[in-house]
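Coordinate analysis (summary)
Here is how the chains run, residue by residue.
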Amino acid sequence: ARDPREAQDETELAVEGALRPVSLAEFVGQQKVRGQLQLLLDAARIQQRPADHILLSGPPGLGKTTLAMIVAHESGRPLRLSSGPAIQHAGDLAALLSSLVPGEVLFIDEIHRMARSAEEMLYLAMEDFRIDIMVGKGAGATSIPLDLAPFTLVGATTRSGLLPNPLRDRFGFTAHLEYYEPDELERVIARSATVLGVDVPPVARDEIARRSRGTPRIANRLLRRVRDYVIVHGASDAAATEGDVSAALELYDVDAIGLDRLDRAVLDAVVRRFRGGPVGLSTLAVTVGEEAETIESVVEPYLVRIGFLGRTPRGRVATPEAYAHLRVRPPSEALR
Ligand code: ADP
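Since the model is a prediction, treat every value here as computed from it, not as a measurement.

Neighbouring residues of the ligand: 20 residues in total, closest Gly63, Lys64, Thr65, Thr66 and Pro216. Those elements giving two or more residues to the shell around the ligand turn out to be α3 (64–74) and α9 (216–233). Split by residue class, the shell around the ligand holds 9 nonpolar, 7 polar and 4 charged.

Below you can see the structure in the form of structure tokens.
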């Protein structure tokens, strides 16, 4: 799922590209995953073969695309970028796979949204570097086998549970990316501030980090808004203050703990409209006017992670912390 908060503006995308670390050593946090990837890449290098297929899962903005780029860069191989929604027919995938050069790294974002027919073709391609191309229809149909150049597939998904088992099983390595800790986000911000040439002292970095929903992409975006604020309101070559951070982020509806309008709409619906829940995902999605997949893989994981929402078999429930944040008095225990 794409994060609806993301403006897909070209200049913003270009800036995001400029902020991407290019090596594993520069990639902040996710220490375990970094170590695992390093071993995988080192082994492939020693044996001079493409690395095993890699599946990365986790909410948007945690570094899946960046890691795919790093895999290609560190193994000195070219990279091809594609995405599940762009692969609507087996033919789309056949064209993509047959044009890969030996050892190429193929990144498929949102791999769970690929067409079913393509999925089955991918099983064989991943396992044997071979596909069967069907020609003709009905009784006269035949399949022509086609050998492919060996490649490394890096798949990304917001939730690996959305993938069929046979596909998931064909990845040699599966990693789940976790939300980042504030000190890790501070390092991301410090690095980005240097790249962007803005002066953001530790107190201001700390403030941005706490409001970034554990997500480097959001940290980078908030940093750019703070930079704008300082350009407009600060003295020339002034450093960002904590006050600048608060003022800039308030303007963009980011609250003191980093929740934005959509997060608050979801919380508000559960607390006020459904009296704390339980409420089902689809009902909740309709209430706030978003797609269920977005609520489930973008909004909810963070609210669960910070202990504001609970998942029960009957639906989502608000916790006392959620009530406190919205300044709503929780129903007394007797009434629940
Ligand atoms: P995803 O593919 O998971 O949605 P991206 O890889 O596109 O996320 O990352 C979004 C932005 O956040 C990029 O600009 C990237 O540079 C930055 N970023 C993500 N993870 C890290 C990290 N661990 N260290 C530094 N920057 C990161």
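After presenting the structure, the write-up continues.
Here we come to the UniProt feature "binding site: Mg(2+)" (unreviewed entry) in the chain. Within this numbering scheme, the UniProt entry marks Thr65 as carrying the feature "binding site: Mg(2+)" (unreviewed entry). For threonine 65, a count of 21 C-beta atoms within 10 Å translates into the label buried. If sequence neighbours within four positions are ignored, threonine 65 has contacts with Phe107, Asp109 and Ala156.

Moving on, we come to the sheet that holds strand β1 (residues 54–57). Read from one edge to the other, the open sheet built from 5 strands follows the order β2-β3-β6-β1-β7, with strand pairing classed as parallel. Bordering the open sheet on either side are β2 (79–83) and β7 (173–176), each of which pairs with just one other strand. Averaged over all adjacent pairs, the angle separating strand axes in this sheet is 15°, with direction ignored.

What counts as what
- Residues numbered from 1 in each chain as written.
- Predicted model: local features only at pLDDT ≥ 70, side-chain atom pairs only at ≥ 80, totals over all residues.
- Near = placed C-beta within 6 Å.
- Helix = DSSP H or I, 4+ residues; strand = E, 2+ residues; numbered from the N terminus.
- Nonpolar A, V, L, I, M, F, W, Y, C, P; charged D, E, K, R; others polar.
- UniProt positions renumbered as here; feature names shortened; annotations may be inferred.
- Buried ≥ 20, exposed ≤ 12 C-beta atoms within 10 Å, placed from the backbone.
- Contact = placed C-beta atoms within 7 Å.
- Pairing = 2+ DSSP bridges.
- Axes fitted to C-alpha atoms, helices over the stretch in contact; angles between N-to-C directions.

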